[in-house]
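Report on the structure
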Amino acid sequence: TAIKDKLKDFFQSIETTSESIQAAGRAAINSFSTSDPCRLTILVEPETDLVALEEKIRHHLDNTPSIMWSEKYVFFAENEKRGKIGFVFPGQGSQYVRMGADLVSFIPASEKILKHADNAFDQESKLSTAIFPPPAEDKAELIDQENRLRQTNVAQPAIGAISLVMLNALARFSVYPEAVCGHSYGELTALYAGGRFSQADFFQLSVARGRYMAEAGKQRGDAGSMMAVKASIDEIPKLIADNNLDIILANRNSPDQGVLSGPTPEIEKMHAILKENHIRAIQLPVAAAFHSRLVESAARPFQESIQSIAFLNADIPVYSNTSGRPYPADPGAAKQLLGRHLMNPVNFIDNIEQMYADGVGIFIEVGPKTVLTGLIRSILKDRQHTAIAVDASSGKRSGVRDLGAVLCKLATIGYPVDLSSWR
């Protein structure tokens, strides 16, 4: 009843002008409390049909028995137990041209972040130029821009820079993690977000990691390949063993998805075997067989780079791809664990399972695209959780709208978001 009364007051206060909508929205934000037993949030845009919107919300309130529901930028919940909040950070493959462009304009700290990234990027052209090139004049030029950004030495620090922009966007509204993890390269971003090293050291390591991995792909002979497989994660090792192949399960992504890594001829043999058995698989456009012994030439200099980094003490647990558990507090032990990261498999399933067991109930993907959000939903299946992405539309819609939807969702389930900071 209280929600319906507030809803009535809200829509009655709105006239036809955008100014009246903004004034009503400001008043609603000022009276909103995430600690109230029932919470309703609405993301209103200039083109929103307000009459239809009010009718839709009233219909749900009268007819939807669930204590939590959402429909196209309308979110409702009551007495929801939210659990801890965990941030997850994507790795190489999530990049795309102009990723995060709207948020870069929206968040004041973005320019400084990109400047730090450019300063660390030891190439003739700026990293920010690879992320935000001039508008392509034709399809061929757009493909060239995408290929440039896809290069390992560019993609990794670029994803890191945009992930930090999104991290700062959430912090603007007092949304902070209580636990973090990343996928492959994203583990560096997670360590930064967890307070384990400075922003300068983060970009230094990001550039070094990308460069060494790109160079590993140019070594003489076969640098290896990787292949994504859509099959039961427990069956994939058996397929490898039964066919006596020199490859490893490099990424344990979800119960029905894994990534293989190894010598190219062996990967091609496995591809043919999977095709014969009607198992979906696709070879990935990567420079080398990452997370396997074939990238030892990249792991050695990266380990040396880690030694110059100051590992800091922090209270936020950072879950390791290698161990599936939080990084050790001891700086020396943490450096050793990170140093083994390039040559060891990514156990993302264990990361999410352990975070969930440790009380994380809300997972936010902080970075381009929604790859990890989908994996988390597959891992946790029917267990109660929330998995949302800052870049929910992967650049197809307004990034500011995507951010607004995340904030609305969090506020509705009871997370203390500072909505007053919304412009």
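Preceding this paragraph is the structure being described.
Below or above, wherever it landed, is the structure these notes cover. (Residues numbered from 1 in each chain as written. Predicted model: local features only at pLDDT ≥ 70, side-chain atom pairs only at ≥ 80, totals over all residues. Heavy atoms only, no water.)

1. Quick notes on the side chain of Thr152
Mapped onto the elements of the fold, Thr152 is located in helix α8 (residues 152-172). Residues contacting Thr152, with those up to four places away along its chain left out, are Gln92, Pro157, Gly210, Met213, Ala214, Ala287 and Phe290. (Helix = DSSP H or I, 4+ residues; strand = E, 2+ residues; numbered from the N terminus. Contact = heavy atoms within 4.5 Å.)

2. What about helix α15 (residues 348-357)?
Among the residues of α15, those classed as buried are Phe348, Ile349, Asn351, Ile352, Gln354 and Met355. Residue Gly359 follows α15 closely and has a positive phi angle near 105 degrees. (Buried < 20%, exposed > 50% of the residue type's maximum accessible area, 1.4 Å probe, protein only.)

3. Describing the packing of helix α5 (residues 110-120) against α8
Where α5 meets α8, the closest approach of the two axes is 10 Å, and the angle between their N-to-C directions is 155 degrees. With respect to α8, the element α5 is oriented roughly antiparallel. The two elements α5 and α8 meet at a crossing, and its hand is right-handed. Across the interface between the two elements, Ser110, Ile113, Leu114 and Ala117 from α5 touch Ala161, Ile162, Leu164, Val165 and Asn168 from α8. (Axes fitted to C-alpha atoms, helices over the stretch in contact; angles between N-to-C directions. Parallel < 35°, antiparallel > 145°, perpendicular 65-115°, else oblique. Left-handed = near helix turned anticlockwise from the far one by under 90°.)

4. Let's talk about the side chain of Asn253
Structurally, Asn253 can be placed in strand β7 (residues 248-254). Exposure remark for Asn253: the relative accessible area of 4% places this residue in the buried category. A polar contact is formed between the side chain of Asn253 and the side chain of Gln257, at a distance of 2.9 Å. Apart from residues no more than four positions distant in its own chain, Asn253 is found in contact with His183, Ile233, Val259, Phe348, Ile349, Leu375 and Ile379. (Polar contact = N/O pair within 3.5 Å; in protein donor to acceptor, adjacent residues only side chain to side chain.)

5. A closer look at the state of the cysteines
What is meant by a disulfide is a covalent connection between two cysteines, made through their sulfur atoms. Going through the model one piece at a time under the given rule, you end up with zero disulfides. The thiol sulfur of Cys38 is not disulfide-bonded, and the nearest other cysteine sulfur, from Cys408, lies at 17 Å. When its relative accessible area of 8% is taken as the criterion, Cys408 is described as buried. (Disulfide = S-S within 2.5 Å.)

6. A closer look at the sheet that holds strand β12 (residues 360-365)
Pairing within the open sheet is parallel, and its five strands lie in the order β10-β5-β4-β12-β13. Each edge of the open sheet carries a strand with a single partner, namely β10 (318-319) and β13 (386-389). The sheet contact formed by strand β4 (residues 84-89) and β12 spans five bridges and is parallel. Within the sheet, the bridge partner assigned to Phe87 lies in β12 and is Ile364. On top of the sheet, α15 reaches β4, β5 (179-182), β10 and β12; it is set at about 170 degrees to β5, its chief contact. (Pairing = 2+ DSSP bridges.)

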